[in-house]
Amino acid sequence: MSVLRAPGASILLTGIAELTTNDPERAGEDLLARVRDAAVVVEGDRIAWTGPAAHAPDADERVDLGGRAVLPGWVDSHSHLVFAGDRTREFEARMAGQPYAAGGILTTVTATRAASDEELRAGLRRHVAEALAQGTTTLETKTGYGLTPAEELRAARLAGEFVEEVTWLGAHVVAPGADPGDYLAELLGPQLDAVRGHVRWADVFCETGAFDEDASRAVLLAARDAGLGLRVHGNQLTPGPGVRLACELGAASVDHVNHLAPADVDALAGSATVATVLPACDLSTRQPLAPARRLLDAGASVAIASNCNPGSSYTSSVAFCVATAVLQMGLTVAEAVHAATAGGAAALRRTDVGRVVVGARADLHVLDAPSVTHLAYRPGVPLTHAVWRAGVRAAGG
């Protein structure tokens, strides 16, 4: 990383053909509240001014972006980056027709337990850098490949060295060889006690082959009592109680949501729980695509995230997920970009990221294109020109 300016200096970014602000005060017909021929002033790690370039104030330094589009950094609110091992064979088998099942997680558990701290750090470092180079400036990641108090604590500590949003997912699957009742007792006691000071969130895989409604509720209630925010993996493989439980308990998000009954859609539309869709995972597991269009039409809040993990979605490209949401899930470009920026921020209960407004953290994603439409118009093309994170130029030319 290189610091763009001297400490205390301000910088004017100009030559912006299209600035996506996601400013709710500017949003009207345009969900992204875009400004054409725009400029941005950054002071320290914050946005100090945005608006038409013709009205831009003076600054200590000036950078001309040459007619490129600027949007907030991606906010990837769902990933699993603390892992070791490889599941290529499982992927090949799935592409040949074998169905996806939750049990494959245990392959990664074995490899992750055997890995050293430095091996896990190396993987985290590589994947976080890969995501940042593609415009992701805020990352959530989960534990869940340790499944003992000591291993889950190790994962939480290591994750916290690299990302700012860490989630405990001890309730990923039942630990290998454990009795389900005994493992649930461990989750509610020793495991939660071990990690609670090192994570902000708790998550549970409420699904056939993982945790049923009663066990999921017990984990979430214990986590809430411990002061953690709630997240849920729900309704991925089959219809089930995950969405209903997330909305009932006020979870910040419920993720996957592939199989929704009308009552699930209504519950999400009537709650503050964000429905996080994971398009790359849907393609990799050959599940039905999550009904993002139906959710938005009903008034639900939607986020898009990568679900980067070694088994079911081994990509860190949020841009790929955005293009998929447009081309295959029926979202407009504006809806998909909003879901991967402001939507991800809402799923993390954050207001300082996912938008380019005065006072927000200066996270900026510069495209080598004149508008965000090119993210879907030119799918698969690496369009990231430069990335600033907290006012520091982190990637690009």
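Residues numbered from 1 in each chain as written. Predicted model: local features only at pLDDT ≥ 70, side-chain atom pairs only at ≥ 80, totals over all residues. Heavy atoms only, no water.

Trainee: Is there a simple way to explain the packing of aromatic side chains in this structure?
Mentor: We describe a pair of aromatic rings using the distance from one ring centre to the other and the angle between the two ring planes. Enumeration according to the criterion identifies two aromatic pairs in this entry. Ring geometry for F83 against Y314: centres 5.9 Å apart, planes inclined by 80°, an arrangement best described as edge-to-face. Residue F83 is located in the loop between β5 (74-76) and α1 (88-95), and its partner Y314 is located in the loop between β12 (302-304) and α11 (318-329); the two are separated by 231 residues in the primary sequence. Exposure remark for Y314: the relative accessible area of 45% places this residue in the partly exposed category. Ring geometry for Y183 versus F211: centroids 6.5 Å apart, planes at 35°, classification tilted. Here Y183, found in helix α5 (residues 180-195), pairs with F211, found in the loop between β8 (201-206) and α6 (213-225); they are 28 residues apart in sequence, far enough to count as distant. The side chain of R231 reaches across the aromatic face of W201, ending 4.5 Å from its centre. (Phe/Tyr/Trp six-rings, centres within 6.5 Å; stacked < 30°, edge-to-face > 60°. Helix = DSSP H or I, 4+ residues; strand = E, 2+ residues; numbered from the N terminus. Buried < 20%, exposed > 50% of the residue type's maximum accessible area, 1.4 Å probe, protein only. Lys NZ or Arg CZ within 6 Å of the ring centre and 35° of its normal.)

Trainee: Mind showing me how you'd approach the sheet that holds β8 here?
Mentor: Pairing between sheet strands relies on hydrogen bonds along the backbone, with the strands arranged either parallel or antiparallel. Read across the sheet, eight strands follow the order β5-β6-β7-β8-β9-β10-β11-β12 without closing on themselves; strand pairing throughout is parallel. Two strands bound the open sheet, and with one partner strand each, they are β5 and β12. The sheet shows a mean angle of 25° between the axes of neighbouring strands, direction not considered. In this sheet, strand β9 (residues 229-234) lies alongside β8 in parallel orientation, the contact comprising four bridges. Bridging across to β9, F205 finds its partner in H233. The strands that helix α12 (residues 333-340) touches are β5 and β12; relative to β12, the one it contacts most, it runs at about 80°. (Pairing = 2+ DSSP bridges. Axes fitted to C-alpha atoms, helices over the stretch in contact; angles between N-to-C directions. Contact = heavy atoms within 4.5 Å.)

Trainee: It is not clear to me how the UniProt feature "binding site: 4-imidazolone-5-propanoate" (unreviewed entry) in the protein should be interpreted in this structure. Could you clarify?
Mentor: As recorded in UniProt, the sites labelled "binding site: 4-imidazolone-5-propanoate" (unreviewed entry) are R87, Y145, H172, Q236 and S312. Lining the largest cavity, out of the annotated residues just given, are R87, Y145, H172, Q236 and S312. Along the chain, Q236 falls in the loop between β9 and α7 (242-249). Apart from the residues lying within four places of it in its own chain, the contact partners of Q236 are Y100, F205, E207, H256, N258, H259, C281 and Q287. Examined against the element boundaries, S312 turns out to sit in the loop between β12 and α11. When residues no more than four places from it in sequence are discounted, the contact partners of S312 are R94, Y100, A280, C281, S284, T285 and N307. (UniProt positions renumbered as here; feature names shortened; annotations may be inferred. 1 Å grid on protein atoms, 1.4 Å probe; cavity = no way out; pocket = protein on both sides within 12 Å on 5 of 7 lines; lining within 4 Å.)

Trainee: Explain the packing of α11 against α12 here, please?
Mentor: For any two helices packed against each other, the geometry comes down to the angle between their axes and how far apart the axes lie. Orientation of α11 relative to α12, taken along the N-to-C sense of each, is 145°, at an axis distance of 9 Å. By crossing handedness, the relation of α11 to α12 is classed as right-handed. Here V318, V322, A325 and V326 of α11 come into contact with α12, specifically with V333, A336, V337 and A340. Classifying every residue of the contact of α11 with α12 gives eight nonpolar, no polar and no charged. (Left-handed = near helix turned anticlockwise from the far one by under 90°. Nonpolar A, V, L, I, M, F, W, Y, C, P; charged D, E, K, R; others polar.)

Trainee: Is there a simple way to think about empty space enclosed by the protein in this case?
Mentor: In this approach a probe as big as a water molecule rolls over the atoms, and the regions it shows empty are the leftover space. Under the criterion given, the structure shown has two cavities of 30 Å³ or more. Estimates place the volume of the largest cavity at around 110 Å³. Lining the largest cavity are 14 residues, and of these H80, Y100, H172, N309 and S312 sit closest to its centre. Grouping the amino acids of the lining of the largest cavity by side-chain chemistry returns four nonpolar, nine polar and one charged. (Points joined across faces, edges and corners; volume = space filled by probe spheres on them.)

Trainee: Just checking my understanding: could you explain the nonpolar core for this structure?
Mentor: Within soluble globular proteins, side chains that are nonpolar tend to cluster in buried spots. If you look at the biggest cluster of nonpolar residues, it comprises 90 residues, and the most contacted ones within it are F211, V257, L268, L295 and I304. Viewed by domain, this core spans two of them, domain 1 (10-72 + 354-396) and domain 2 (75-348), each represented by three or more residues. Residue contacts for V257: discarding those within four places in its chain leaves G234, N235, V243, A275, T276, V277, A290, P291 and L295. (Core = buried A, V, L, I, M, F, W, Y, C linked by side-chain atoms within 4.5 Å. Domains from an automatic or database assignment.)

Trainee: Sorry, what's going on with the pattern of salt bridges here?
Mentor: Counted by the stated rule, this structure contains 27 salt bridges. Residues D23 and R26 are paired through a salt bridge, measuring 4.0 Å at the closest nitrogen-oxygen approach. A salt bridge links D30 to R34; its shortest N-O distance comes to 3.0 Å. Accessibility expressed as a relative area gives 22% for R34, which makes it partly exposed. (Salt bridge = Lys/Arg side-chain N within 4 Å of Asp/Glu carboxyl O.)

Trainee: Just to check I follow, could you spell out the pairing of strand β6 (residues 136-142) for this structure?
Mentor: Each regular strand shows side chains that alternate between the opposite faces of the sheet. Within β6, seven of the seven residues are buried, leaving the element largely enclosed by the surrounding structure. Pairing between β5 and β6: three bridges, direction parallel. Its bridge partner being in β6, V75 is matched across the sheet by T138. For β6 and strand β7 (residues 165-171), the ladder comprises three bridges, and the chain directions are parallel. Opposite T141, over in β7, you have V166 as the bridge partner.

Trainee: It is not clear to me how the layout of surface pockets should be interpreted in this structure. Could you clarify?
Mentor: Space inside the second largest pocket adds up to approximately 230 Å³. If you go around the second largest pocket, you meet 17 residues; those closest to its centre are S317, A319, V381, P382 and L383. Elements with a contribution of two residues or more to the lining of the second largest pocket: α11, β13 (364-367) and α14 (374-377). A per-element tally of the lining of the second largest pocket places α11 first, with three residues. Grouping the constituent residues of the lining of the second largest pocket by class yields ten nonpolar, six polar and one charged. Of the domains in this structure, domain 1 (10-72 + 354-396) and domain 2 (75-348) are the two that each give at least three residues to the lining of the second largest pocket.

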